[in-house]
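For reference, the chains in residue letters:
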Amino acid sequence: MHLIINWEDFLHHHWQKRPILLKQAISDFVNPISPEELETLVIKKALECQLIQRNHGKCQLGYQAFNGYGSLGQRNWSLRVEAIHHWHRAAEELLSLFRVFPD
């Protein structure tokens, strides 16, 4: 697994200027953590996370305790987890692809 990014172009046009979605930027990508593993780690370790939900075209950021995926449905949400790489080795390996930037 490696990044397929033109770093010079990325830094010049996007870095700290505007958000960008880089589709297929990681070759042979395999998600390093399953949803079940993530849910278990967040709940058992009480990891800091934010639930991002999209309602009527607007995103809302929530800081409430995460109690699982059960009530969230299949769409219009994302879970941002802080420091997952401290608890999951494969997540650390994925993060290492981005060591071009300071933490």
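See the structure printed just above.
Residues numbered from 1 in each chain as written. Predicted model: local features only at pLDDT ≥ 70, side-chain atom pairs only at ≥ 80, totals over all residues. Heavy atoms only, no water.

Let's talk about helix H2 (residues 35-45)
The following threshold applies: Each residue gets one of three labels from its accessible area relative to the maximum for its type: buried under 20%, exposed over 50%, partly exposed in between, using a 1.4 Å probe on protein chains only. The secondary structure listing takes helices from DSSP runs of H or I that are at least 4 residues long and strands from runs of E that are at least 2 residues long, numbered from the N terminus. Directions from the helix axis toward the C-beta atoms define the arc. For this analysis, residues touch if any pair of their heavy atoms sits within 4.5 Å.
The complete set of buried residues in H2 reads Leu38, Leu41 and Val42. With its buried residues spanning 95° around the axis, H2 presents them on a single face. The exposed residues of H2 that point more than 90 degrees off its buried face are Glu36 and Lys44. Buried residues along H2 sit against strand S1 (49-55) and strand S3 (77-81). The first or second residue beyond H2 is Ala46, which carries a positive phi of 55°.

Brief notes about the sheet that holds S1
Basically, it comes down to this: Two strands are counted as paired when DSSP detects at least two bridges linking them. With axes taken as lines fitted to C-alpha atoms, and helix axes fitted only over the stretch in contact, angles between N-to-C directions fall between 0 and 180 degrees.
Strand order across the open sheet formed by three strands is S2-S1-S3, with antiparallel pairing between neighbours. Two strands bound the open sheet, and with one partner strand each, they are strand S2 (58-62) and S3. The average angle at which neighbouring strand axes cross in this sheet is 20°, direction not considered. Of the pairings in the sheet, the one linking S1 to S2 comprises five bridges and is antiparallel in character.

What about the state of the cysteines?
Convention followed: Disulfides are defined as pairs of cysteine sulfur atoms found within 2.5 Å of each other.
A complete count under the given rule lists zero disulfides for this structure. Not engaged in a disulfide, the cysteine Cys49 finds its nearest cysteine sulfur in Cys59; these two sulfurs lie 16 Å apart. According to the relative accessible area criterion, Cys49 is buried, its value standing at 8%.

Observations regarding the pattern of salt bridges
The criterion, for reference: The term salt bridge refers to a side-chain nitrogen of Lys or Arg lying within 4 Å of a carboxyl oxygen of Asp or Glu.
By the definition in use, this model includes three salt bridges. Arg80 is paired through a salt bridge with Glu82; the nearest N and O atoms lie 2.4 Å apart. Looking at Arg80, the relative accessible area reads 42%, which means it is partly exposed. Where Glu93 meets Arg89, a salt bridge forms, and the shortest distance between an N and an O atom there is 3.8 Å. Residue Glu93 and its partner Arg89 are located together in helix H3 (residues 89-95), separated by four residues, close to a single helical turn. For Glu93, a relative accessible area of 44% gives the class partly exposed.

Details of unusual backbone geometry
Non-glycine residue Gln16 carries a positive phi angle of around 55°. The residue Gln16 is located in the loop between helix H1 (7-13) and H2 in this model. Given the relative accessible area of 71%, Gln16 is considered exposed. A positive phi angle, close to 55°, is found at Gln24, a residue other than glycine. Mapped onto the elements, Gln24 comes out in the loop between H1 and H2. Accessibility expressed as a relative area gives 73% for Gln24, which makes it exposed.

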